Structures are given as structure tokens and as C-alpha cells.
Amino acid sequence: SYADTIYHGVCSLHREVELIMPALYLFNRRTLLAGDDLQLPSIAWGAGFAAELFIFLPYLLFYTIELTLTTSATPDANDDYFAEFDQQIQRMQTQECDNATSGYTDKTFCYLNLAYQAGMAIFCVVSLFYEQRILKLSTLGTPTRGLELRASLGTLIERKMTFLTALNFILLVFGLSSTLHFLSPYLYCFPKFFWIVVFILFVIQGLQCLFNITTLFSLWRASPSTSNVIDSEASFYQRHVEHTHQHDDIEMAEELWQNRCDGCCKIMAISTCFMFGGKNIVSQSADGGVENFYGDISRALADYFHGSGSESLDVVPSDVALGFVLLRHIQAQRKLLARREALQQPNITSIRSNPGTSLLFRRALETNNDSVGTESGERTLSGSDEAYQTFSRSLLTQSNPDDYATLEEGARFARHQLAAYTWILYFYEYPLTGGMRLLGRCLKAKLACSKTETSLIERRDSYERCAMNSDVEEDGSAINDVDEMNREHIVGDNFLHIHEATMCAHAGLNKSDIAYASFESGFYETPYFIVIDREWKSIVVSIRGSLTLEDCVVDVLLDPSPLDALGEKYGFDGTEQYCHGGVLECTNWLHADLMKHKILEKLLLGPNAGYSDYTLRIVGHSLGAGIGVILSMMLRNTFPDLRCTCYSPPGGFITWRLAKECSDFVNTFILDSDLVPRLSINNMERLRDEVLHLLARVKLSKYDIAKRIYSLRGEVELGDLDFLLTQNEDMLYPQDDIPDSEFLRQLQRFESIQQERRSNRGVSRSINLYPPGRIVHLVKTGQSKNCLHGVAGCITCGLSNAGFEYTAIRKENDDFNEIEISPTLWTDHFPNRVCMEIEKVAKSFGIDT
């Protein structure tokens, strides 16, 4: 039939397809590597073969020849050259060797060993030739163009993984079997190091064979690729089929991502022995709860990555990494260009002369609109040459009482958000000494607990005797206090009270300060604790952020939930307002738990409250920050003077009006390029689009770009704009002059599909969400020159913030409308780093932390 003819024609074009696709195809299977990803692997393999050929084999050959030429005869000075050689080197003339070789007449092992070494030498030479060819070919072309230059790369790798692996395996079996057979008699003929070298050589061969065989097996299990790119003749039939089954195609993509997320969580849970949770995921996933857990994220990921059939982009992980690196330099270029243009404006002088104002730059803002459905499908894909806007924000100054109080509050309660992460973060901060510190604290706490219980019993008996004898009036409140202290107020801790001990260690708390703590964790069960801060006259509720796999599942419940009913119930205006769905579920559980135990009422409300003049403060980091904001809205009618302090809250959290209205009682702190406060569906889609556009503009190979990026590492931070512009022009085509390629055509079709998907998703994709409250942004403004800081940066590949100086700046909720590519975009979210930098800035203000 006509359809079958087209199908077979498409299959026959497979080799031609490889010429225009970035991904590397082996044995008709698509891999996660591109042809230009093989420089480092080929160098590593080549180094291994070179070590075998020029180090191991010559050493083994020397002793093998020595034993082969050794005889039992007494050397004579007038004998030939070999006799003189034996006279100088007499290591082999031992009784053990004489017995093993039947008086040096049976040299079978020597001959077998020489044959093995000759085979290995041939194998290494051929392998080095293959690696040299692979290295040379992988440096040709760009990620999306000139792929015909790497056309023979797949064939080379296939031969290497089949014929050369087979030869290596045969040599390994031959050498291993002959060595094991003659090992016992020849054990003392050679030095010990000889056998160590033999063992190392066999291990290297075994690992090489194992890697290649497992790779071949995984490729064999993968589905063959029959239609990677469809030519013009086949496109009509292909697109007709895809149009007919487009709905099924989307559902299959969503199901695929559900299974991937479920499998990833299960593997992580089991491989870490459930140290980071996962028991609930494994158990409930077996009961068919995958859709409930991963429905939101699977839809988002399917839309984010998936096109439709052949319209899916053919990119590999290294392409994405390259795009991120290039985008970092493009973002730096945009900021420096905007700064240069702004400084040329005459009206900028007043801003620069104001010491309390900072000049900043960002991408153009979208309309802050809480209404639904106004932006659906109309977002313009941003080009990578987009210019930044100039804007100004006020700096926090020591002379401003409000700024001073805000920073003092942030520094005071930063350790409370840190304490909620208990022992896992404690070991992260103190990897070498944490165990001993923690053990000492636990033993000390157990001893103190025993003494306290004895003292409480004695006090209780004393009160009872006094009441019976009527010598003194019974102090009922004191007895109640004793009962309250005796009552179990720590939930979910172990016998040694590890969580409690590390919580106190993080925040510098005493056990008597803890009113309640729950360390139980589940899908919506969030660990939190309530402590009494007598110095600040506050009751502090600290809520933990994301740590377990269950928390991660909550994080990816992305679809916004309406707040109309919640606002009506708890007395705030939630009309047409939305928030992160997972955060709302966790808040409902935590509020119910507080109402169940009535801890806050006992501490703050009523005539018998022990701390009625104290202020309720809610503190949280990341997911805990979002929970804290919604919880504060629910409790404000009951506790009007409530305050909430957020550290690194999620960006896609709450709609604009509530994000601004809660500024009266919510202070938010964000550290530099932290990824989480910038995470939203819009920002993620914009990041994807910019990365893909940059890939289409690349004019050099990844190898050449890597060399240029390495030379640029200092200039990006120092702000040498002219040099940066020159280098970016050398690496990228202009935005309006991108050469045509199959990838560019794929990208255009992909963007069209994405716009259609966006409009079809409806409400969930048309709501903009923002971080909450009055925001203080700690911006990196300098770095101290210190050798140790430089070493720390090198060891951590730039992930360390050692030596960086930060400035506190007031920001608006919509200022975080772009994901900034930085080496620290993830580590800036760590609660210990947030705490440390806030305390440093506070100390510069003269605040005692």
C-alpha cells in the first residue's frame, strides 16, 4: 500500500537521518549523547589504553622475557650476551622457579604470557587509532549544523563496541585462565608487584568489557528508531496519523512522565534506605496512586519537552548544558549593555547620587493580572538578544529604623528555619565532627532529662503534702505547670532524641524553650515545632521546607488552587485568588494539627495563658515559607499582631493581590540567584525557549566553545563588556541571521505546538504566581581577595559562596521574572547558606546575632 511504501522509505533513510540529527544513533537506537560529546570520553579511553600499552605491558614483558631467558647453568664470563644478562639479573634463579619450570626447561607459561601481551599490544594500538579518530570527528561541526562531517562516527563506535570488545574479552579470558592455571607454581618466581600489575590489568580489561557489554545490552533493549526525521514525501502521511491520534499522543507522553517520576522516586527511596523518606510513595504507588501524585508535573513536563510525534526536538543533555552556559554569558551581556546605556542617560545622575538607591536591570515585565484567561496562548517567545530594562530599588540602610528592624528580625529567626531540618542538615554542616557533637548532646540531654524528671516528682510530692497538711495554700497553677512539663510534647523523635538535640544545636535553644515539636513526615504531614523566645517575647512556629521525597511530590502539585472558600472561612479576601496547590494541602493539615493540640491557645489566649503578652511569629524556609504565609492568613483574625518571616519561598506561589496585601505582616528574604523564588511555569518555559534559540545560533563546536568559556570565566564576573561582546559574536550567529537547519525548522514547529498546548490547558496556564510579602534580596556585589576563597571556589567548581559580599536591597514581587543562570543558583537555596549570609549582613549593620 501507499502507507507501507512510505514507511519502508523512511526506514531506508535512517543513515541519511543520522547526518542531520544532533543525537548519536547506534545500531538504529537513539542515545543520550551527541556526536560532539565524545571528546572527554575518547581522551579517557585513550589514556587507559596508553597506560596499558606503555606502562603495564612493558613492565610485564621485561619479567616475562627475563624468566624465558633464564637457565639453571652457571653463567660464564666468556658466554654469550644472554649469559652476561643472566649474570647481572639473577632474580629468576631460585629453587621455586627451578621446580616450576622443571629446571628451566618448561617455559609454557612464559610463551602463553608473551602471546597474551602481544595480543594486548595489538588491541591497544588499534584502540588508540579508533579513539584518535573519534576524538577528531567529534570536534567537527556544531551541535546543530555540519553533522555530515561526523557521519562515520556512529560506524566507528559500533565497530569499537563489537569487534574490539570481542577481541578484548577473548584476550581477558585467555590471559586470566592461563594465569590462574600457572599461578600456584609460578607465584614466587616473580616479584609481588608483578602480580599486582597483572591484577590491575585484568581489572581494567574487565571494566572495559563490562561497560561495553552493558551498553550494548541497553541499546538492544531500547526500541529501534525508524522515523527520526520525515522527509517531504513522507510528511503528509506522518502528519495525518499524528493529527488523528494527537490526543492519544499527549496522553501517552503524560503517562510516560508519570512512570518516569514514579520510578525515579522509588529508586531514590530504596537506594537511600528511605533516609529521605519514600515509604509512602512506594506503598501508595502500588495501590495505583500515580496519577494523584504526579498528574500535575507529568502534564507540565509533557508540555515542556514533548512536541507531537516527529515534532519532538532532538536534543541531548549536553546540548541543554551548553545552552545554560551560553545563556549565562548572554544574561551578563544584557546587564552590562543596559548599565552602559543607562549611564549615558542624563537623568541617571540623580539615582547614582542617592546612596540609598541601587540601579538594577531585568527583562521586561509582563502585566500583573489576577484575572484568568487573559494571556492564554499569547506569550511571545523571547529571543536571546532581548534587551534589559533599567530600574531602581532602595538599599537597606542602617540609619533607617524600618530597615534595621527588618534585618534584625530576619537574622534573629534565620536559625529557627535552619533548626527545622534537624540532624540531616547538621551532618551536612559538620560532616567530620557532627557525629561526636550530636552523640555528646544526646547523652547530656538524657542525663539532664532523668534529673529533671526526679526533680519534678519531688516537687509534685511536696505540693501534695503541703495541701494535705494545709500548712500552705496549694498552688494549682504550679502543679499544672509540672503536669504540662511532664506531658509528652515531642512527636516522632527516636529514643536518643536526635531531632530534638540537633534542633536545639542549630538554634541555640534550651529544652525548656520547646513547647511542641512534630517530626512526623508524610505527603502533607509537615514537620514543625513551637518554641518560646523569651528575649523577643515571641511564640515561634517554625515549619520545615522540602527534604523528603514526599515533600518533592508536594512541590510538583503545580496546578493553582482557588482561595475563595478559604478566605471566606478565615476572614481574608480570597476572591479570584490562587496559590500553589501542594502548599495549600500542607497548610490545611498543619492548621488542623494546631487546632487538635491547641498549643497556641494555651500559650497565648485566655485568662490562664502563660504568655498572653507575647507575639506569634511563623517562620519557614522554601515549602515551609509558603505554608507559613497561608497559615498566617488563616490565623490573623485570631492573632492580629501575628508576624511571618519567609526564607527563600517558592516563586510560583500566590497571585499578585495577596502577594502584595500580605506585605503588612510578611517579610521575605531571598539570597542572590536562588532558583526556587524564580520557579514558575512561565519562567521555566522562557528558559527553555532561550536555551533552544541559543542552540540554533551556535556557530562553533562544543569543544571550541568550552575553551572560550574557560578563558571567559573571569571577564563575565568582572564585567569586561567589550571582550564579552566579541567572544559572544564569535560563538553565536546574530538573532536575525540564523542559518537554516533541520533543527531550526524543528524548533519553529515545536514553538507552534507549544503555543497551541498553552492555550488548550486553560486556567492553570493563565495564572501568574509570585513570591509573597515584603522582599529583601541579598544581592552579590563583591568578593574579597583571599587565596582560601579561591581554593574553595576551585574545589567546589564555583558552587561555594566563600568570600562573596552581599548587599540587602528591597525588591518587588515581580522582580524575579527570570531564572538567572549562575553556579550557585541551587546552593543559594540551602537554608544554612541563607542563614549565614543574613547574619553576615546583619553584623555589618551592627546587629548582634
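Reading the values: the criteria
- Counting from 1, residues in each chain are numbered in the order their sequence is written.
- It should be noted that, the model being predicted, local features are given only for residues of pLDDT at least 70 and side-chain atom pairs only at 80 or more, the latter also being counted only at that level, while totals for whole chains, interfaces and linings use all residues.
- To get the side-chain values, all heavy atoms of the structure are used, and hydrogens and water are removed first.
- Each pair of aromatic rings taken from Phe, Tyr and Trp, with Trp reduced to its six-membered ring, is defined by centres within 6.5 Å and is described as stacked if the planes are under 30 degrees apart, edge-to-face if over 60, and tilted in the remaining cases.
- Numbering of helices and strands runs from the N terminus, with a helix taken as a DSSP run of H or I at least four residues long and a strand as a DSSP run of E at least two residues long.
- Residue exposure (1.4 Å probe, protein chains only): buried if accessible area is under 20% of the type maximum, exposed if over 50%, otherwise partly exposed.
- When the NZ atom of lysine or the CZ atom of arginine is within 6 Å of a ring's centre and also within 35 degrees of its normal, the charge is said to sit over that ring.
- As used in this structure description, the phrase polar contact means that two N or O atoms lie within 3.5 Å; if the pair is within protein, one of them must be able to donate a hydrogen and the other to accept it, and residues adjacent in sequence are counted only when both atoms belong to side chains.
- Whether two residues are in contact is decided by their heavy atoms: any pair within 4.5 Å suffices.
- For this document, the term salt bridge refers to a Lys or Arg side-chain nitrogen within 4 Å of an Asp or Glu carboxyl oxygen.
- Axes, fitted as lines to C-alpha atoms, cover a helix only where it is in contact. Angles between the N-to-C directions of the axes lie from 0 to 180 degrees.
- Each angle receives one of four descriptions, namely roughly parallel if under 35 degrees, roughly antiparallel if over 145, roughly perpendicular if within 65 to 115, and oblique otherwise.
- Helix crossings are classified by the rotation of the near helix relative to the far one: an anticlockwise turn of less than a right angle makes the crossing left-handed, while a clockwise turn makes it right-handed.
- Here a strand pair is declared whenever DSSP counts at least two bridges between the two strands.
- Per residue, pLDDT captures the predictor's confidence, and it can take any value from 0 to 100.
- With strands facing away from the observer, any crossover in which the path from the first strand over the helix to the second runs clockwise is taken as right-handed.
- Only residues whose relative accessible area exceeds 30% and that form no salt bridge enter a patch; like-charged residues are grouped when within 9 Å of one another, and nonpolar side chains (Val, Leu, Ile, Met, Phe, Trp, Tyr) when within 5 Å.
- Accessibility throughout is a Shrake-Rupley quantity obtained with a 1.4 Å probe, and a residue counts as covered only by protein chains that appear here.
- One fewer than the residue count of a helix, multiplied by 1.5 Å, yields its expected span.
- We define the bend at any residue as the angle between the axes fitted to the seven residues before and including it, ending there, and the seven starting there.
- Put simply, a nonpolar core is a bunch of buried Ala, Val, Leu, Ile, Met, Phe, Trp, Tyr and Cys residues held in one set by side-chain atoms that sit within 4.5 Å of each other.

Draft legend 1. Region of the structure containing the packing of aromatic side chains. Scanning the model with the defined rule gives 25 aromatic pairs in all. Each ring, one from W45 and one from F211, has its centre 5.7 Å from the other, and the planes form 50°; the classification is tilted. One end of the pair, W45, is in helix 3 (residues 39-69); the other, F211, is in helix 8 (residues 192-221), and 166 residues separate them in sequence. Using a relative accessible area of 17% as the deciding quantity, one classes W45 as buried. Following the ring pairs from residue to residue traces out a cluster consisting of Y59, F62, Y63, F109, F182, F190, F193, F194 and W195. A cation sits over an aromatic face here: K160 above W45, 4.3 Å from the ring centre. Taking NZ or CZ as reference, R260 lies 4.7 Å from the ring centre of W257, over its face.

Draft legend 2. Main features of the side chain of Q331. Tracing the backbone through its elements, the reader meets Q331 in helix 13 (residues 317-343). For Q331, a relative accessible area of 4% puts it in the buried group. A polar contact of 3.0 Å, which involves the side chain of Q331, links it to the backbone oxygen of I819. The contact partners of Q331, leaving out residues within four places of it in the chain, are Y388, E818, I819, E820 and I821.

Draft legend 3. Fine view of the pattern of salt bridges. Taken as a whole, this structure holds 34 salt bridges when the rule is applied. Here R393 and D815 are joined by a salt bridge, their closest N and O atoms 2.9 Å apart. You can see R393 sitting in strand 4 (residues 389-394) and its partner D815 sitting in the loop between strand 15 (804-811) and helix 31 (831-844), a full 422 residues away along the chain. Accessibility classification places R393 together with D815 in one group, the buried group.

Draft legend 4. Highlighting the environment of E520. Inspection of the secondary structure puts E520 in the loop between strand 6 (514-518) and strand 7 (528-533). Spatially, the C-alpha atoms of E520 and G492 are 5.0 Å apart, while their sequence positions differ by 28 residues. E520 has contacts with V491, G492, E525, T526 and P527, leaving out every residue within four places of it along the chain.

Draft legend 5. Representation of the packing of helix 13 against helix 28 (residues 721-731) within the structure. Running from amino to carboxyl end, helix 13 crosses helix 28 at an angle of 140°, the nearest separation of the two axes being 10 Å. Taken together, the axis directions place helix 13 and helix 28 in an arrangement best described as oblique. Crossing angle aside, the handedness with which helix 13 passes helix 28 is left-handed. Where helix 13 approaches helix 28, its residues L326, H329, I330, A332, Q333, L336, L337 and R340 are matched on the opposing element by L721, D722, L724, L725, N728 and M731.

Draft legend 6. Spatial organisation of the sheet that holds strand 12 (residues 643-647). If you trace the nine strands from one edge of the open sheet to the other, you get 5-6-7-8-11-12-13-14-15, paired in mixed fashion. Two strands lie at the open edges of the sheet, namely strand 5 (490-491) and strand 15, each paired on one side alone. Pairing analysis gives six bridges linking strand 7 to strand 8 (residues 538-543), with the strands arranged antiparallel. Residue pairing across strands places I532 opposite I539, the latter belonging to strand 8.

Draft legend 7. Region of the structure containing the confidence of the model for the protein. When pLDDT is averaged across the protein, the result is 79; 75% of the residues are at 70 or more. With pLDDT under 50 throughout, residues 371-382 is counted as low confidence; its partners more than four residues away or in other chains account for 31 contacts. Across residues 459-487, confidence stays below pLDDT 50; counting only partners more than four residues off in sequence or on other chains, it has 14 contacts.

Draft legend 8. Representation of the pairing of strand 6. Burial within strand 6 is extensive, with five of its five residues counted as buried. Taken together, strand 5, helix 19 (residues 498-507) and strand 6 form a β-α-β motif whose crossover is left-handed. Direction of pairing for strand 6 relative to strand 7: antiparallel, over a ladder of four bridges. In the sheet register, Y516 faces strand 7, and the bridge partner there is I530.

Draft legend 9. Quick look at a nonpolar patch on the surface. Taken together, the side chains of F193, I196, F199, I200, V203, L207 and L210 make up a nonpolar region of the molecular surface, amounting to roughly 670 Å² of accessible area. Examined against the element boundaries, I200 turns out to sit in helix 8.

Draft legend 10. Structural view of the environment of G545. Counting through the fold element by element, G545 comes out in the loop between strand 8 and helix 20 (549-555). Accessibility expressed as a relative area gives 1% for G545, which makes it buried. Along the backbone, G545 and P527 are 18 residues apart, and their C-alpha atoms lie at a distance of 8.6 Å. In contact with G545, not counting residues within four places along its chain, are Y421, D551, H621, S622, L623 and G624.

Draft legend 11. Representation of the environment of Y570 in the model. As for its placement among the helices and strands, Y570 is situated in helix 21 (residues 564-570). A sequence separation of 65 residues divides Y570 from L635, and the C-alpha atoms of the two residues are 7.4 Å apart. Contact partners of Y570, with chain neighbours within four places excluded, come to H591, M633, M634 and N637.

Draft legend 12. Representation of the pairing of strand 8 in the model. Of all six residues in strand 8, six are buried; the element is thus mostly enclosed. Judged by which residues are buried, strand 8 turns out to be covered on both faces: S538, V540 and S542 on one side and I539, V541 and I543 on the other are all buried. Counted between consecutive antiparallel strands, the loop separating strand 7 from strand 8 contains four residues, among which K537 sits at a positive phi close to 50°. Two strands pair when backbone bridges link them, and strand 8 and strand 11 (residues 615-621) are joined in this way by six bridges, in the parallel orientation. Each bridged residue has a counterpart across the sheet, and for V541 the counterpart in strand 11 is I618.

Draft legend 13. Representation of helix 3 in the model. Its 31 residues give helix 3 an end-to-end C-alpha distance of 43 Å, which sits within 8% of 45 Å, the value for a rise of 1.5 Å per residue. Approximately 35° is the largest bend angle found in helix 3, and it occurs at L57, with the proline P58 only one to four residues beyond.

Draft legend 14. Layout of the side chain of S42. Here S42 lies in helix 3. The exposure class of S42 is buried, given its relative accessible area of 4%. A polar contact of 2.7 Å, which involves the side chain of S42, links it to the backbone oxygen of Q39. If we ignore the near neighbours within four places in the chain, the residues touching S42 are E131, I134 and L135.

Draft legend 15. Summary view of the nonpolar core. I530, I539, L600, L616, I630, M633 and I654 are the most contacted members of the largest nonpolar core, which has 48 residues in total. Top element by residues in this core is helix 24 (residues 623-635). It accounts for nine residues. Sequence-distant contacts of I630, defined by excluding residues within four places in its chain, comprise L566, C579, V583, L584, T587, F653 and I654.

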